[in-house]
Amino acid sequence: MTSILRNVREPLRPGAMFCCCSFRKICTQEQIRTGNQKKRSRKCIAVAGALLTGGCLYVTYEALSLRIGLTVHTNAVDSEKLKSYVYVYREPALPLARSGLTDLLKWHLQRLAHRLHEASAWLLQRPVEEVLVPTSHRELNLSPWILLKRCMSGEATQRQKAILELSAIHNWDAAQYRSVAQACDPATTIILARCKDVDRRFFLPPPRQQRDTRLDESLQAVLLNLPTGDVDPCVSRLTSLVLSDSSQTRTRSEAAHWTFVGEILPGQRPSTPVSEDQVESICVKVILQHSKLPRRCEQLVHLGVLDLLLRLIEQDGVGPQLQHNALRVVGNLAMQPHLHSTIVQSGWVRVLVERLQSGRVIDEALAARALANMDRETVREHYPDGVYLLHPQQITTLNTTGDVLFVHGLLGAAFKTWRLRDPEASVHLSGGKYRDVSQCWPKSWLGEDCPENRVLSVEYDTRLSDWFLECPADSCNVSINVCCRRSLAYRSREMLAKLQVAGVGEKPIVWVTHSLGDSAMLQELHKRFTELVRRHGIKVLSFGETQPTTLGMLRTLIVSTESADPGVGEFETVPVDHLNVCKPEGRHSPIYQRTLELICTSLAPQQATPSGGPDQL
């Protein structure tokens, strides 16, 4: 521009005048063109902004309307949620659609606070849950999932600690318990079930299934698909007995076993009738025997035994012995690790937790055995059928220093032998194993007075036949193998094998026994026992009765003082009969106090040496 102005002051020339005018004309057109472009740009931006803003508002409005329109009421899916375990909850609409921007701003501030806590945790190298300020679970719902994440990951000790913290929660609403129950893996669910006083809502109930057939017919169908060639003769006999009137057997017999003269071939139906009320009981007994064989367990699960047993215990009027046999079957199946997920998914864990918290001694022991067999993280041992864990039945931080093992005698049982003293004692020759036991003193008292010791009770067959009169094949005259299985030597070896599986022998042991008997074999055993006691310095404490026992119309002294005194260790007489010599009347009873003293001194931590011999009471 400077050069142009200079040219203007100079004398005007036609050429210069033309150049100047041409230059000024070019600049004016460029400025006009630039101004027009800016105006068009502003108009485009204004239109685009209006469209974008309007479009966003329209989309937001439509999204909110669609969300409100698709809100599902929970009552509409009540009948379906138990089948699929997918729970639909009615969620409130976004705060913007209900009470304005205030609630929306509050919600964003809460999210911002959480992110700030995450940032501070990262800066301080600490876990988020240690610095996270808890907020209302209904607003953020963060704490349950953080705790559940700790329960399902990390080192075993920290995992168990987190599970114990989770089990202590009792103030959640039902939706939160269900959400955690659905998210838990089987291992976490099992450990959680063994925690003391855990809320039952942590565990999913059994799924509801369509049940078109009668229970007894379904149980008979299971037996019809099980082989019987490699089982006890009594099992085969009872299987054929209970299938005699089943519809499946009748169909097969009519189709394949009738000859031209109307006779039935050797595969015919037994002629012994079975009443309908005995079908379920015998079927469960047979299934129980099959469940003791590891090769049968997976087949039983495939045949739907878990669901059938759930149906059985849910029925009204089912006797306690039948329910206990069902729990024994589940405990046997739980010894197979590959079946644990199936047992958890079937809903049996919730049933076992309910039984463990029932306050009934036998139910608690049977449920504790099944859960301990499934817990492969905090329990190393397995508990075969007939070996029951009385203490500790739930997860504990104490390390056991020894085992106290209770072994009953003739016509006894793992629970009824060790109950409190009866007001009027008499021998029940029927030998009912599973009569209701109000209190089992080894479980109730030893668990509190010496909690560092494991308390076990063993059950074995002390009758001539485990089936009583139900199995006529159970006779030494019929089968030599059956006779051998009923011998004392066979049962002793069988019990020893079960105790080894349960880890008995790895730590010091105190044996508590109750028995009687004056044969040549027992005298030889007694002689070998006294030699063992003197050789290893084993402590022995014995009690002898001084009162006669009522046997129906007869009152007699079952075990004399001379027979009760083993000749080694300490011996004391007590003014009770034979049945109550093992049943203290109270916690301050001399029988219990002397027993407790021997257990505490023998299994004290400073004196516990695995290489030492067992103590006998």
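Just so it is clear, the model here is predicted, and its values are computed rather than measured. (Residues numbered from 1 in each chain as written. Predicted model: local features only at pLDDT ≥ 70, side-chain atom pairs only at ≥ 80, totals over all residues. Heavy atoms only, no water.)

**Q** Quick question: what am I supposed to make of the overall build of the chain here?
**A** A tally of helices and strands in the chain yields 25 helices and nine strands. Contacts in the chain between residues far apart in sequence, at least 24 positions, make up 74% of those at least 6 positions apart. (Helix = DSSP H or I, 4+ residues; strand = E, 2+ residues; numbered from the N terminus. Contact = heavy atoms within 4.5 Å.)

**Q** Which parts of the structure should I look at to understand the packing of helix α20 (residues 441-449) against helix α25 (residues 590-602)?
**A** How two helices sit against one another is set out by the angle between their axes and by the gap between those axes. In contact at an axis separation of 12 Å, α20 and α25 are set at 50° when each is read in the N-to-C sense. Taken as axis vectors, α20 and α25 run oblique relative to one another. Crossing angle aside, the handedness with which α20 passes α25 is right-handed. Facing α20, whose interface residues are Trp441, Trp445, Leu446 and Asp449, α25 presents Tyr592, Leu596 and Ile599. Of the residues assigned to the contact of α20 with α25, the class counts are six nonpolar, no polar and one charged. (Axes fitted to C-alpha atoms, helices over the stretch in contact; angles between N-to-C directions. Parallel < 35°, antiparallel > 145°, perpendicular 65-115°, else oblique. Left-handed = near helix turned anticlockwise from the far one by under 90°. Nonpolar A, V, L, I, M, F, W, Y, C, P; charged D, E, K, R; others polar.)

**Q** Looking at this model, I keep getting lost on the pattern of salt bridges. Mind explaining?
**A** A pair can form between side chains of opposite charge whenever their charged atoms are brought close. Counting across every chain of the model gives 20 salt bridges. For Asp403, the salt bridge identified is with Arg454, shortest N-O distance 2.9 Å. With a gap of 51 residues between them, Asp403 in strand β2 (residues 402-407) and Arg454 in strand β3 (residues 453-458) connect regions that are remote in the sequence. Residue Asp403 is classed as buried on the basis of its relative accessible area of 2%. Residue Arg454 is classed as buried on the basis of its relative accessible area of 6%. In this structure, Arg594 engages Glu597 in a salt bridge whose closest nitrogen and oxygen atoms are separated by 3.2 Å. One end of the pair is Arg594 and the other is Glu597, both in helix α25 and three residues apart, which spans about a single turn. A residue is classified by how much of its surface remains accessible, and Arg594, at 18% relative accessible area, is buried. Salt bridges sharing partners connect three or more residues here, namely Glu570, Glu572, Arg594 and Glu597. (Salt bridge = Lys/Arg side-chain N within 4 Å of Asp/Glu carboxyl O. Buried < 20%, exposed > 50% of the residue type's maximum accessible area, 1.4 Å probe, protein only.)

**Q** How should the nonpolar core be read in this particular structure?
**A** Considering soluble globular proteins, one finds that nonpolar side chains tend to be buried as a cluster. Leu166, Phe202, Trp348 and Leu446 are the most contacted members of the largest nonpolar core, which totals 94 residues. Once you skip the residues sitting within four places of it in the chain, Leu446 turns out to touch Val404, Phe406, Trp441, Pro451, Val455, Tyr592, Leu596 and Ile599. (Core = buried A, V, L, I, M, F, W, Y, C linked by side-chain atoms within 4.5 Å.)

**Q** Honestly, the pairing of strand β1 (residues 387-391) in this entry has me stumped. Any pointers?
**A** Put simply, side chains in a regular strand alternate between the two faces of the sheet. Across the five residues that make up β1, a large majority, five, are buried. With four bridges connecting them, β1 and β3 associate as antiparallel partners. Note on β3: the bridge partner recorded for His391 is Val455. (Pairing = 2+ DSSP bridges.)

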